[in-house]
Amino acid sequence: MGSMEITEATWERLLALRKGTADLASTDAAYDLYSPIAGARGQFVLAQVGQSLDGRIATPSGDARNVSGPDGLAHLHRCRALVDAVIVGVGTVRADDPRLSVRMVRGPAPVRVVVDCHAVLDGSESLFHDGGAPVVVFRSASARGRPLPTAEVIDLQTKACGLDPRDILDALARRNLHRILVEGGARTIARFIDANLVDRLHVAISPIIIGSGPSGIMLPPIDRLTCAHRPATEVYNLGSDILFDCRLERQRASDRQGQEVRMANHA
């Protein structure tokens, strides 16, 4: 397990790498962890989960505050600062009313993206009024929702099971948003993983036991463990949390030919 302590010099180098003005040479554990994100060129998708020892992300009533410790939260904010856009599902917005900011670290704030297939957001949510980074909302082309102040609303045609995560990534790429963080909730993360569109998965575990409540990732069930994901993984001691940095087998364009990738209607 790598013990990770990030210095100002390392963070400066990572921000420079994000802008393309530094090389990829590894100098310490923090650089090893974050440089694949900062140095990614072309499309790169990181999914991030912060959960308890027993794999929960909230209580049954939906209280998700303080699941991650302070170092786990700082890690999440670093990831946000190194990507172009952060994606959450509408359920996360309704439950947590998140700002999706980088207030715990120094760096640029990502574009905030919400998957709202059925157009349930009404415009009162904080991210439409906080003066933060731009907001993009994806809806089904057949949905009839309210106008959302300050947000760009993108209508997508639904596929057999709803919005296609590939269509979402393609629409973001057309807006020059290539490095993507899929932050929540569990179903949204799972659909990008199940569609083989995630390059890295970060699972940050804090030393608490919740006992019941929603789990961090909700993939379709499997019958045998031989079908389970077994990614190459590095483990980092963040301080208050332990981080698993997992390399997933991403499906490239040549592998997707003729295959429909679907995203369920609810996020």
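You'll find the structure just up there.
On a predicted model such as this, the values are computed, not experimentally measured, just so you know.

**Here's the deal with the pattern of salt bridges**
1) Next: Inspection of the entire model under this criterion finds eleven salt bridges.
2) Next: Here K159 ties to D167 by a salt bridge, and the two come within 3.3 Å at their closest N and O atoms.
3) Next: Judged by relative accessible area, K159 falls into the partly exposed class, the value being 30%.
4) Next: You can call D167 partly exposed: its relative accessible area is 21%.
5) Next: Through salt bridges with shared partners, a single ionic network connects E8, E12 and R106.

**Considering the environment of R94**
1) Next: Along the chain, R94 turns up in helix 4 (residues 90–96).
2) Next: Accessibility expressed as a relative area gives 61% for R94, which makes it exposed.
3) Next: In this structure, the C-alpha to C-alpha distance between R94 and E125, residues 31 residues apart in sequence, is 7.9 Å.
4) Next: In this structure, R94 is in contact with V120 and L121, ignoring residues within four places of it in sequence.

**Remarks on the packing of helix 2 (residues 29–38) against helix 3 (residues 70–82)**
1) Next: The interhelical angle for the contact between helix 2 and helix 3, taken along N-to-C directions, is 30 degrees, at an axis separation of 9 Å. In this structure, helix 2 crosses over helix 3, and the sense of that crossing is right-handed. Facing L33, Y34, I37 and A38 of helix 2, the residues of helix 3 in contact are H75, R78, C79 and L82.
2) Next: When its residues are assigned to classes, the contact of helix 2 with helix 3 shows six nonpolar, one polar and one charged.

Scoring rules and cut-offs
Residues numbered from 1 in each chain as written. Predicted model: local features only at pLDDT ≥ 70, side-chain atom pairs only at ≥ 80, totals over all residues. Heavy atoms only, no water. Salt bridge = Lys/Arg side-chain N within 4 Å of Asp/Glu carboxyl O. Buried < 20%, exposed > 50% of the residue type's maximum accessible area, 1.4 Å probe, protein only. Helix = DSSP H or I, 4+ residues; strand = E, 2+ residues; numbered from the N terminus. Contact = heavy atoms within 4.5 Å. Axes fitted to C-alpha atoms, helices over the stretch in contact; angles between N-to-C directions. Left-handed = near helix turned anticlockwise from the far one by under 90°. Nonpolar A, V, L, I, M, F, W, Y, C, P; charged D, E, K, R; others polar.

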